[in-house]
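Residue-level structural notes
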Amino acid sequence: REILLMQEMDADALEQTLLSYMRKQKVSAIRKRAAGKRRHRQRKSWAAFEANLTDRQFRRYFRMSRECFHDLCRRIEENVGEA
């Protein structure tokens with residue numbers, strides 16, 4: 001059926017349809033190749049993330065000292081429970 005539709009199209013319309021199809025196929029192939037090269041990373045644990053931060057970096061990330069942060073976490077765990 002699609003072949004009959006293509007035969008009825010004029011040359012310009014057919015060319016545009018084929019170019020559009022070819023572009024979609026090219027993009028699809030590029031994305032498929034990129035997906036195959038994707039690196040799957042393991043999420044860092046909180047302990048590993050925190051250990052890599054200096055005190056200054058920690059304060060910039062969380063806007064409080066480590067001691068204050070740990071105290072806040074302790075208070076939350078007491079009231080809500082540990083996850």
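Our subject is the structure listed above.
Bear in mind that the values here come from a model prediction, so they are computed numbers and not experimental data.

Calculation rules
- Residues numbered from 1 in each chain as written.
- Predicted model: local features only at pLDDT ≥ 70, side-chain atom pairs only at ≥ 80, totals over all residues.
- Heavy atoms only, no water.
- Salt bridge = Lys/Arg side-chain N within 4 Å of Asp/Glu carboxyl O.
- Helix = DSSP H or I, 4+ residues; strand = E, 2+ residues; numbered from the N terminus.
- Polar contact = N/O pair within 3.5 Å; in protein donor to acceptor, adjacent residues only side chain to side chain.
- Contact = heavy atoms within 4.5 Å.
- Buried < 20%, exposed > 50% of the residue type's maximum accessible area, 1.4 Å probe, protein only.
- Disulfide = S-S within 2.5 Å.

1. Considering the pattern of salt bridges
Scanning the entire structure with this criterion turns up five salt bridges. With a shortest N-O distance of 2.7 Å, aspartate 55 and arginine 66 are connected by a salt bridge. Remark: arginine 66 occurs in helix H5 (residues 66–80) and aspartate 55 occurs in helix H4 (residues 55–62); sequence separation between them is eleven residues.

2. Focus: the side chain of glutamate 50
Tracing the chain through its elements places glutamate 50 in helix H3 (residues 46–52). At 2.8 Å, the side chain of glutamate 50 and the side chain of histidine 70 are in polar contact. Setting aside residues no more than four positions away along its own chain, glutamate 50 makes contact with Phe58, Arg66 and His70.

3. So, the environment of aspartate 71
On the secondary structure map, aspartate 71 appears in helix H5. With a relative accessible area of 27%, aspartate 71 lands in the partly exposed category. Here the side chain of aspartate 71 touches arginine 74 through a polar contact of 2.5 Å, side chain to side chain.

4. Overview of the state of the cysteines
Inspection of the entire model under this criterion finds zero disulfides. The thiol sulfur of cysteine 68 is not disulfide-bonded, and the nearest other cysteine sulfur, from cysteine 73, lies at 9.7 Å. Looking at cysteine 73, the relative accessible area reads 27%, which means it is partly exposed.

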